[in-house]
Amino acid sequence: MAESDKVISYADLQTLLQNGTPDLTVIDVRTPEEVAKGKIPGSVNIPVDAVQSALSLDPASFSAKYGVEKPPKDARHLVFHCQMGRRGNIATETALSLGYSRACNYAGGFKEWAEKSSK
């Protein structure tokens, strides 16, 4: 998969969120302390260090722990993000290694989201 295939833009993510895309899962890999300062609507917090173990859980355990349905390995819209892109990329690579073939990183991160959403 080319690097560009693993990255989603602000505009594309915003469109998916606004359209209420049913198979969209946005995973915020920042720390709970960072998330407490603001988050992308509808995102679920799974810190980067927990992504591998979280995605290895069975669906019922994942749902019980994170309050959302576990994305299937062929999920069309599985998006990871952090503050500025580095941890989101690490999480995306982890998901890809676990068989989540369409996982992608919102490289602009919450920093870009907050800047563009406030305009």
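Our structure is the block above this text.
Below: a short report on this structure. (Residues numbered from 1 in each chain as written. Predicted model: local features only at pLDDT ≥ 70, side-chain atom pairs only at ≥ 80, totals over all residues. Heavy atoms only, no water.)

Regarding the pairing of strand S3 (residues 77-81)
Note the following rule: Exposed residues in this analysis have more than 50% of their type's maximum accessible area, buried residues have under 20%, and partly exposed residues fall in between, with area computed by a 1.4 Å probe over protein chains only. Put simply, DSSP H or I for four residues or longer makes a helix, DSSP E for two residues or longer makes a strand, and each gets a number counted from the N terminus. We treat two strands as partners when DSSP finds at least two bridges between them. Crossovers are marked right-handed if the path from the first strand over the helix to the second runs clockwise, as seen with the strands pointing away from the viewer.
In terms of burial, S3 is a largely internal element, five of the five residues being buried. Residues His77, Val79 and His81 of S3 are buried on one face, and the alternating residues Leu78 and Phe80, pointing to the opposite face, are buried as well. Here strand S1 (residues 24-28) pairs with S3 via five bridges, running parallel. Across the sheet, the residue bridging to Thr25 is Leu78, located in S3. The pairing of S3 with strand S4 (residues 104-105) spans two bridges and is parallel. Looking across to S4, one finds that Phe80 is bridged to Asn105. Each parallel crossover has a hand, and the one from S3 via helix H5 (residues 86-97) to S4 is right-handed.

So, the side chain of Thr25
The cut-off we apply is this: The contact rule is simple, with two residues in contact once any of their heavy atoms fall within 4.5 Å.
Structurally, Thr25 is set in strand S1. The buried category is assigned to Thr25, whose relative accessible area is 14%. With sequence-adjacent residues up to four places away left out, Thr25 is seen in contact with Pro71, His77, Leu78 and Val79.

Some remarks on the state of the cysteines
Keep this limit in mind: Note on terminology: pairs of cysteine sulfur atoms within 2.5 Å are recorded as disulfides.
Across all of its chains, the model carries zero disulfides by this definition. Here Cys82 stays unpaired: no disulfide links it, and the sulfur of Cys104, its closest cysteine neighbor, is 13 Å away.

Quick notes on the pattern of salt bridges
In a structure, side chains of opposite charge can pair up when their charged atoms sit close to one another. Applied cut-off: Salt-bridge detection follows one rule: a side-chain nitrogen of Lys or Arg within 4 Å of a carboxyl oxygen of Asp or Glu.
Overall, the coordinates contain five salt bridges when judged by the stated rule. Put simply, Glu93 and Lys6 hold a salt bridge, and the shortest N to O gap is 2.5 Å. In this pair, Glu93 is assigned in helix H5 and Lys6 in the segment before helix H1 (10-18), connecting sequence segments 87 residues apart. Judged by its relative accessible area of 9%, Lys6 is buried. Note that Asp28 and Arg30 form a salt bridge whose closest N and O atoms lie 2.8 Å from each other.

Some words on the sheet that holds S4
By definition, the strands of a sheet pair up through backbone hydrogen bonds, in either a parallel or an antiparallel sense. In plain terms, the rule: The axes used here are C-alpha line fits, helices contributing only the stretch in contact, and every angle between their N-to-C directions lies in the interval 0 to 180 degrees.
Read from one edge to the other, the open sheet built from four strands follows the order S2-S1-S3-S4, with strand pairing classed as parallel. With one partner strand each, in any of the chains shown, strand S2 (44-45) and S4 form the two edges of the open sheet. Both S1 and S2 contribute to a ladder of two bridges, which runs parallel. Note on S2: the bridge partner recorded for Ile27 is Val44. Sheet strands in contact with H1 are S1 and S3, and its direction is about 120° off that of S1.

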